[in-house]
Amino acid sequence: MSRRTPRRTLWYISLIVITIAVCGTGLAVHRAPSDGTTERSVTMEEASRLALSRLNLYQASPVTVTLTATEGGGVVVRVKGVVDYRTHRAVGSYEVTGASGSSSPSGSSSPSGSAGPLAGPLDHGLIVWDTGGLGLAPMPEGDNSPTWQQAEHIPRSGWSARSYTTDPLDAGLQLLIGLGADRPDNPLLLAQSGARWLGRDRVDGRGYDRFAGPRAQGATTGAGPDGGRSPLTYWIDGDGGLRRVTMRMPGLGTPATLEFSGRDGRAKLPEAPWLTG
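Residues numbered from 1 in each chain as written. Predicted model: local features only at pLDDT ≥ 70, side-chain atom pairs only at ≥ 80, totals over all residues. Heavy atoms only, no water.

(A) A look at the side chain of Asp209. For Asp209, the position within the fold is in strand β9 (residues 206-212). Within the structure, Asp209 has its side chain in polar contact with the side chain of Arg49 (distance 2.9 Å). In this structure the side chain of Asp209 is engaged in a polar contact, spanning 2.9 Å, whose partner is the side chain of Trp197. Those residues in contact with Asp209 that sit more than four places away from it in its chain are Arg49, Trp197, Gly199, Arg200, Tyr234, Trp235 and Ile236. (Helix = DSSP H or I, 4+ residues; strand = E, 2+ residues; numbered from the N terminus. Polar contact = N/O pair within 3.5 Å; in protein donor to acceptor, adjacent residues only side chain to side chain. Contact = heavy atoms within 4.5 Å.)

What follows is the structure, encoded as structure tokens:
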């Protein structure tokens, strides 16, 4: 895992499978919303909330998160943990479920060693990640403390570290670690780059506007199966709070989902996985 924490630019998450970038031209900004039922360009007020969402994540750190990624072949990986956007480090637990004989996040075979279609838990453990990669470690038996405390007791040598690959889990982890920023984005650029209002939903009893992010650089409106729309969708509340992000992956019917559950003031990111020497 890298110790570097490079600045990520406005909604620009460099993934091998997708690249979301802000460009200087695009659809004009609507000054007034439509009837609330039709997809449209964002208003300036909505663009301002989008622009604040990354700063709000940064200021709320450490933030409780859940990532659900479909790996294909019926295999689902769920990561639960906390992200500190000030240090660009995260820690949590992972669980793999699906057909036996499938791969775990480490790239090794399922512990069952079976190639049959039996569904169920395949693998679980601790996970840490940053901007450069991820590390996995066995879950300590009989330890019910928070995962960030468990991770502190595992030395660096106890982690199996690797760089990111192109699979959906890694794409989701990369996106997740890069979402927070220490300053707001430019709302005008967001609007000009094709951000779209898609609708309004309720999540856990609270109302959220659903937005498509800026279009990929060079994408043309109306082109492709999604009309040139960004593969990222955001759920933002009236104060610019980010509740959910989904990311459509090429070739997979189910998008990766990132859920944000608010600040965890008790959490302290462990130093052990990143210690040197």
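Still to come is the rest of the account.
(B) Fine view of helix α3 (residues 168-177). Burial analysis of α3 places 10 of its 10 residues in the buried class, which makes it a mostly covered element. For α3, the set of buried residues is Pro168, Leu169, Asp170, Ala171, Gly172, Leu173, Gln174, Leu175, Leu176 and Ile177. You can read the cap of α3 off the contacts: a side-chain oxygen lies 3.3 Å from the backbone nitrogen of Leu169, and it is on Asp167. (Buried < 20%, exposed > 50% of the residue type's maximum accessible area, 1.4 Å probe, protein only.)

(C) Representation of helix α1 (residues 44-60) within the structure. Helix length check: α1 (17 residues) gives 24 Å between terminal C-alpha atoms against 24 Å at 1.5 Å per residue, within 8%. Maximal helix bending in α1 amounts to about 30°, located at Ser53. (Expected span 1.5 Å × (residues − 1). Bend = angle between axes of the 7 residues up to and from the residue.)

(D) Summary view of the pattern of salt bridges. Counted according to the given criterion, the structure contains 16 salt bridges. Among the ionic pairs, Asp201 bridges to Arg210, the shortest N-O distance being 2.7 Å. Asp201 sits in the partly exposed class, given a relative accessible area of 23%. We classify Arg210 as partly exposed; its relative accessible area is 22%. Each of Glu45, Arg49, Arg200 and Asp209 takes part in one network of salt bridges that share partners. (Salt bridge = Lys/Arg side-chain N within 4 Å of Asp/Glu carboxyl O.)

Such coordinate-based values are descriptive only and should not be taken to indicate function.
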